[in-house]
Amino acid sequence: MEQTLKGKHIVLGITGGIAAYKSAYLLRLLIKAGAEVQVVITPNGKEFITPATLAALSGKPVVSEFFAANTGEWHSHVDLGLWSDLMVIAPATASTIGKMVSGVADNMLVTTYLSAKSHVMVAPAMDLDMWAHPSTQRNIATLMADGVEIIQPGSGELASHLTGKGRMEEPEEILRRVEAFFKKKESLSGKHVVVTAGPTYENIDPVRFIGNYSSGKMGFAIAEEAAARGARVTLIAGPVALQTSHPAIERIDVRSAREMLHQAENAFADCDIAILSAAVADYAPAECADSKIKREKTDGMTLQLVKNPDIAATLGKEKGSRILVGFALETDHEMENAARKLINKNLDMIVVNSLQNPLAGFNKDTNQVTLIKADNTSKAFPAKTKREVAADILDEIEKLK
Ligand code: C5P
């Protein structure tokens, strides 16, 4: 068998479902592909498959308890979390999924999940009614929004003898997903990617500003996905309430369009790809008052606004061989307007956010986009999570390289 996973460190999490018997076969496939695998099993998992089998197949003692029974030695979930290049939880029961969502770290598996710096894949397995339950579906959606990759269960006969969706995906298919992850992981290695995200705030006085509803979620998802593909990422973020997790992301927080332009020009100098997803304010107050503007002073007031620099157009002028990607949010004639922007700003691709679709837009976890390239070809995608949309955008950018 080809050594597609040579040198890769994989934590295989096993929970208490009937499908745990298939985990032994998955483990064997991972080992045969060259991976080093550390099995972490929940107490219930051990009722379905013995640690002796798993230890023999992996060549390593299985981790289950916080402390080793005979020596009292503490098993460090932190070390395991740092060691892993990928964590695969297969099968994942409804209970473990629920604990992962809410951070109930009462066993080694969930504790390791919370410490894992690596990508995480989850292959759920449960009875059809448990899978269809709103609670499970809500938890799955939350895990996806947290960046966890879900390997959807298949349909067929279940352990309960009922037929429906809930069967854990076959080990061969899980292996294929694992291989695809490591292949993709290197697709942007050596590249420097600049991402702008979020709104900008333009100060009126020390306590007021002009802003917009951009959450920054789309740009942050792009930054995480680019880093997951091996890129060094500079994320220039307006005021947002989001965190980054990947160590390859350098985050620079800014407030105004001018600050964003300054940082974007700096980072652009040695970048390969710039993706401008920020909702930059088009205008800023001509001057910012030094002290709070008092209400009693005036019945009404006029704010004098001046045009902000266009970051995309500025970078477009000095583009060279870099790839420059912009976003367009349009209320009418979206395709025509976006295509015009692509030309005017000298972009290689523009991402058109559909405002028609209720699943797209500000502060949502989902988005629906159409990508238009400089050669005037376009590709429309269905509504997906922002992380999946980020993957689609980067797949298309990689084809432009
Ligand atoms: O012209 P419009 O604002 O619709 O263009 C949107 C695209 O241009 C986005 O990629 C946005 O990040 C970028 N932009 C910019 N600087 C501005 C305005 C928009 O970089 N001042």
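Predicted model only: the values in this text are computed from it and were never measured.

Draft legend 1. Region of the structure containing the packing of helix α5 (residues 94–102) against helix α8 (residues 134–145). The geometry of α5 relative to α8 is characterised by a closest axis approach of 9 Å and an angle of 50° between their N-to-C directions. Here α5 is positioned oblique relative to α8, judged by the angle of their axes. Crossing handedness for the pair α5 and α8: left-handed. Contact residues: Ala94, Ile97, Gly98, Met100 and Val101 in α5; Thr136, Asn139, Ile140, Thr142 and Leu143 in α8.

Draft legend 2. A look at the packing of α5 against helix α6 (residues 108–115). Where α5 meets α6, the closest approach of the two axes is 10 Å, and the angle between their N-to-C directions is 40°. Taken together, the axis directions place α5 and α6 in an arrangement best described as oblique. Handedness of the crossing formed by α5 with α6: right-handed. On α6, the residues that touch Thr96, Lys99 and Met100 of α5 are Leu109, Val110 and Tyr113. In the contact of α5 with α6, the residues fall into four nonpolar, one polar and one charged.

Draft legend 3. Spatial organisation of the packing of aromatic side chains. The full count for this structure, using the stated rule, is two aromatic pairs. Residues Phe181 and Phe182 carry aromatic rings whose centres are separated by 4.9 Å and whose planes lie at 70° to one another, so their mutual orientation is edge-to-face. Both residues of the pair, Phe181 and Phe182, count as buried. With a centroid separation of 3.7 Å and an interplanar angle of 10°, the aromatic rings of Tyr201 and Phe209 are classed as stacked. Taking NZ or CZ as reference, Arg322 lies 4.5 Å from the ring centre of Phe268, over its face.

Draft legend 4. Highlighting the environment of Ala391. Looking at the secondary structure, you find Ala391 in helix α14 (residues 386–400). Taking the C-alpha atoms as reference points, Ala391 and Ala226, separated by 165 residues in sequence, lie 8.2 Å from one another. Contacts of Ala391, omitting those with residues within four sequence positions, involve Glu225 and Arg229.

Draft legend 5. Geometry of helix α1 (residues 20–32). Between the first and last C-alpha of α1 there are 19 Å, a value that for 13 residues agrees with the 18 Å anticipated at 1.5 Å per step. Those residues of α1 not exposed but buried are Ala20, Lys22, Ser23, Ala24, Leu26, Leu27, Leu29 and Leu30. Contacts from the buried residues of α1 go to β1 (9–14), β2 (36–41), α2 (45–48), α3 (51–58), β3 (86–92) and α9 (171–185). In the segment just after α1, Gly34 is the residue with positive phi, at about 100°.

So, how was this worked out
Residues numbered from 1 in each chain as written. Predicted model: local features only at pLDDT ≥ 70, side-chain atom pairs only at ≥ 80, totals over all residues. Heavy atoms only, no water. Axes fitted to C-alpha atoms, helices over the stretch in contact; angles between N-to-C directions. Helix = DSSP H or I, 4+ residues; strand = E, 2+ residues; numbered from the N terminus. Parallel < 35°, antiparallel > 145°, perpendicular 65-115°, else oblique. Left-handed = near helix turned anticlockwise from the far one by under 90°. Contact = heavy atoms within 4.5 Å. Nonpolar A, V, L, I, M, F, W, Y, C, P; charged D, E, K, R; others polar. Phe/Tyr/Trp six-rings, centres within 6.5 Å; stacked < 30°, edge-to-face > 60°. Buried < 20%, exposed > 50% of the residue type's maximum accessible area, 1.4 Å probe, protein only. Lys NZ or Arg CZ within 6 Å of the ring centre and 35° of its normal. Expected span 1.5 Å × (residues − 1).

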